[in-house]
Amino acid sequence: MNNYYKVIVALGIVMIAGVGSWLYFGSYKNIQARVLEERKISIAAYIQNQASQLAIMDDFNIADSVRQDQVFKSFFENIQSSEIFRIKVFSGGYKIIWSNLKEIIGQDASTNQEVKEALVDGKITLKAKSMKPEQVTERRFQNFTETYVPIANDKGEYIGVVEIYQTYAALGVKINKEFINTAMKDIAGAIVAFVVLALIIRRLMPRQV
């Protein structure tokens, strides 16, 4: 193998490594972050709007557990979909006052940082989660997102938090589709750049006899 082909092989290896790293650590991660941010904004707006329409603001911090069960059960039934499979409702006193996972109702959530930030600052937080296959039950999905949505009253005071669990399937399809479209363009550009550089190197390198 003459020097020209050695240089071309080395250039190809460098470009493949560079493009591969960029596609994953740059392009894919950026697309994933943007799509997750879009989900966070859209689900928070939807939940806050539904909370307002169903007028559940006064039911976060009442002592009537029977009424809370009726109100938030109805709320969940109203928002439940093929993607939304679980909710947790937190009072302003950092307590889980309702969930369709009944065994956690009544648990203390004072150490939950996302709930604290939602109640104090109105911060919306989305977390992507992945469970091991052996941890998955009929009430769970292996990949899902959790979104903490603060609920405010008419005075703008944060009086509770609704945590929304959504499946990841549709989100994954969207991310992969956008990534493939972007990757094809980037790879095509890299191939053109490689060919151009190969031709330039060919002209610059001395011919071997």
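What counts, and where the lines are drawn
Residues numbered from 1 in each chain as written. Predicted model: local features only at pLDDT ≥ 70, side-chain atom pairs only at ≥ 80, totals over all residues. Heavy atoms only, no water. Salt bridge = Lys/Arg side-chain N within 4 Å of Asp/Glu carboxyl O. Buried < 20%, exposed > 50% of the residue type's maximum accessible area, 1.4 Å probe, protein only. Helix = DSSP H or I, 4+ residues; strand = E, 2+ residues; numbered from the N terminus. Pairing = 2+ DSSP bridges. Core = buried A, V, L, I, M, F, W, Y, C linked by side-chain atoms within 4.5 Å. Contact = heavy atoms within 4.5 Å.

A.B. asks: Explain the pattern of salt bridges to me, please; I cannot follow it from the model alone.
C.D. replies: When the charged atoms of two side chains lie near each other, side chains of opposite charge can form a pair. Applying the stated criterion across every chain, the model contains 10 salt bridges. Members of the salt-bridge network, linked through shared partners, are Arg-34, Glu-38, Lys-174 and Glu-178.

A.B. asks: Explanation requested: unusual backbone geometry in the structure shown.
C.D. replies: Excluding glycine, a negative phi dihedral is what most residues carry, and trans is how most peptide bonds are arranged. Notably, Ala-55 is not glycine yet its phi reads approximately 50 degrees, a positive angle. For Ala-55, a relative accessible area of 51% translates into the label exposed. Phi at Tyr-94 takes a positive value of approximately 60 degrees, unusual for a residue other than glycine. Relative to the elements of secondary structure, Tyr-94 occurs in the loop between β1 (84-91) and β2 (96-99).

A.B. asks: Would you mind showing me how to read the pairing of β1 here?
C.D. replies: Consecutive side chains of a regular strand alternate in pointing toward one face of the sheet and then the other. Counting buried residues along β1, eight of its eight residues qualify, which places the element largely inside the surrounding structure. In the sheet, β1 pairs with strand β5 (residues 158-167) via seven bridges, with the strands oriented antiparallel. Pairing of Ile-87 across the sheet is with Ile-164, part of β5. As paired elements, β1 and β2 share three bridges and run antiparallel to each other. Paired with Phe-90 across the strands is Ile-96, a residue of β2. Hairpin connection between β1 and β2: a loop of four residues separates the two successive antiparallel strands, and Tyr-94 in this loop has a positive phi of roughly 60 degrees.

A.B. asks: How should the nonpolar core be read in this particular structure?
C.D. replies: Buried together is how nonpolar side chains tend to be arranged in soluble globular proteins. Ile-47, Phe-60, Phe-75, Ile-87, Ile-151, Val-162 and Ile-164 are the most contacted members of the largest nonpolar core, which totals 22 residues. Secondary structure elements with two or more residues in this core: α1 (3-53), α2 (65-79), β1, β2, β4 (143-152) and β5. Counting residues per element, this core draws most heavily on α2, which supplies five residues. When neighbours within four sequence positions are excluded, Ile-87 is seen to be in contact with Phe-75, Phe-76, Ile-79, Trp-98, Ser-99, Asn-100, Val-162, Glu-163, Ile-164 and Tyr-165.

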